[in-house]
Amino acid sequence: MAAPIPSLALRGTQGVSLVEGPPALRDNRAFTRDASRSCKVMAFSPDGSLFAWCNGQQVTVVRLPSGEVVHEMKEHPRVVGLLFSPLSTYMATWEVIVGKGNPYPNLHLWDMKTGQKAKSFVHKRQTDWEPQWTDDEVLCAHAVNEIHLFENGDFSHIARKLDVQKVAGYKLSPGPPPHKIAVYVPGQKGGPSFVRVFKFPDFATPLANKSFFKADKADIRWNKKGTGLLVLCATEVDQTGKSYYGEQNLHYIGVDGVSSIVQLSKNGPIYSTDWNPDSTEFCVVYGFMPAKATIFNLKCEPVFDFGTGPRNLCSYNPQGNILSLAGFGNLRGNIEVWDRRKLQKIALVQAPDTTYFSWSPDGVHFVTATTSPRLRVGNGHKMWHYTGHQLDEKMLGMNEELWEAAWQTYQPGVFPAPQLSYQPVRAAAQQQDAKPAVYRPPGARALGHTSPTKLHEEELPQNERMDKGDENLSKAALKNKKKREAKKAKQQQQQQAPMDPRSQEQRDALAMATHILGAPPPSVTSTVVSADSEKKIKGLKKKLRQIEQLKEQQKSGKQLESNQLEKIKGEAALLKELEQLELGS
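Residues numbered from 1 in each chain as written. Predicted model: local features only at pLDDT ≥ 70, side-chain atom pairs only at ≥ 80, totals over all residues. Heavy atoms only, no water.

As for the sheet that holds strand β16 (residues 180-185)
Within a sheet, each strand pairs with its neighbour through backbone hydrogen bonds, oriented either parallel or antiparallel. Operational definition: Only when DSSP finds a minimum of two bridges between them are two strands counted as paired. Helix and strand definitions here come from DSSP, where helices need a minimum of 4 consecutive H or I residues and strands a minimum of 2 consecutive E residues; each element is numbered from the N-terminal end. Axis definition: a line fitted to C-alpha atoms, over the contacting stretch in the case of helices. Angles run 0 to 180 degrees between N-to-C directions.
The strand order across the open sheet built from four strands is β15-β16-β17-β18, with neighbouring strands paired in antiparallel fashion. With partners counted over all chains shown, the strands left at the sheet margins are β15 (169-172) and β18 (208-212), one partner each. Here the average twist between neighbouring strands, direction ignored, is 10°. Pairing between β16 and strand β17 (residues 193-199): six bridges, direction antiparallel. Within β17, the position partnered with Val185 by the bridge is Phe194.

What follows is the structure, given as structure tokens:
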């Protein structure tokens, strides 16, 4: 049986439409475009069988790939939030509460078989309105002041409550049973924040507990199997003053109770993290620009270092055999595509002004889009092959906007891992061939340099650094290495040569005294001078050099200031003091 062709949903001023992905690259003929300019939200079900949107008049649900209309909810035209349960059994809708009277239920769970409401809640905040399900839909969680858990689709009563005070965030684990839930509680009155992991239904003793002080907020990210999670902690203010955006730390917590902080080799913000779908590793993009990208295993040990570059996003394809590193926003839109197994770069493409990036469920293609309100001009989308070939481009007109793009989703296993075929690209060759249009200061333009001026030296990937050795070290690293080698050589030379009783400072001072007095200084015994004496000698030498310069200026006819003349008069006293220090008397 042939694999299905995923569709790309587009929402904007032209309404809601579906576009078939490669190789078709055409409008989905089974779906009738909704041309309303008031479409606020759209969503696919996790298995891709349903698609829903709200156009300001009603919520419409269609079945795919036939395009058949399944349900129309006309009594809720102001819906701005849509979410399907993992098995497409339920659909959740959220709308803004209007008026200042008693709040009415604005969060509804709909049974997709009957089209009727299964449960309604009052939920004022839009930030955390989404209910959460386990993959088998055995549990459904809804957060109020505490976390309410409903079991086996029975919403008539609350099966269990997780009563943890001041919960600011929670995440149900994906994967098979036993089901876990992770909760985040911010610190109170100088106390530490913490993340605790509980196993359903035993909430008395947590499976894991991790506390940290630097956490005004935290983002919890489970791996696909539910065996571990990453916690991205952030503070609003960086106490060290190094970053305007606050301070961030990344922690790993396993359901076996093992936890550790992820040690990052470069200071700066953490831009992006992504779990490999096989749940055995994760990638992190971090550090001041140019940012580093590193793959870590479950022991938080570095597996591979991709070097530095203009990037702020990492994303595995759904099968986990391709990793993309990209730089969007105020960066120039580079997209690096890597073979995860061979750790070779497949392609490097550029998609300027990109605000949205996502892999197709087939793991072979990806889409980049420019959306509003981030950018209100040049909106549209492009489809790419993993080898870097652009397959399609659809740009909107001057007065048209694209608000959202989203791939149709599928259950794992529908698309097998693609067999990769490509010509590897070396980062060193790309750096040598690339000639970007960079600013060159006026002083550098006249020098006629063939290579552009770089503000930062970029590190090459780990495998290429090992091949090239010192050639690919940054200037700072190469300079430090040369210093270490010179210091080591000097130490070896001193060990072989006979010990000179006089220090370099002594020899320099004696030479200067000889030059000024016109007579050789008295012999010096092997006296070891203290650190304070050497510091005084250095200061006296400096003053004597200044006096010599003033004398030369006086000889050339320059009129000296009174304080400069006083300095010259004190030359004899300085020489006498210098001689006493050298003699140790």
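Brief notes about the sheet that holds strand β14 (residues 160-162)
Judged by pairing direction, the sheet is antiparallel, and its four strands sit side by side in the order β11-β12-β13-β14 without closing on themselves. With one partner strand each, in any of the chains shown, β11 (132-133) and β14 form the two edges of the open sheet. As paired strands, β11 and strand β12 (residues 139-143) are joined by two bridges and run antiparallel to one another. Its bridge partner lying in β12, Trp133 is registered against Cys140.

Topic: helix α8 (residues 571-583)
Worth spelling out the cut-off: In a helix, the anticipated span is given by 1.5 Å times the number of residues less one. Remark: exposure states derive from per-residue accessible area (1.4 Å probe, protein chains only) relative to the maximum for the residue type, with buried under 20%, exposed over 50%, and partly exposed in between. Directions are taken from the helix axis to each C-beta atom, and the arc is the one they span.
An ideal rise of 1.5 Å per residue puts 18 Å on 13 residues; α8 measures up with 18 Å between its terminal C-alpha atoms. Taken as a whole, α8 has its buried residues at Glu571, Leu574, Leu575, Leu578, Leu581 and Glu582. With its buried residues spanning 125° around the axis, α8 presents them on a single face. Those residues of α8 that are exposed and angled more than 90 degrees off the buried face are Ala572, Ala573 and Lys576.

Considerations on the environment of Met42
Position of Met42 relative to the elements: it lies in strand β3 (residues 41-44). Once the C-alpha coordinates of Met42 and Val16 are considered, the two residues, 26 residues apart in sequence, prove to be 8.2 Å apart.

Some points on the pairing of strand β7 (residues 79-84)
As paired strands, β7 and strand β8 (residues 90-95) are joined by five bridges and run antiparallel to one another. The residue bridging Leu83 from the neighbouring strand is Ala92, located in β8. If you look at the hairpin formed by β7 and β8, you'll find five residues sitting between the two strands, and Ser88 has a positive phi there, around 65°.

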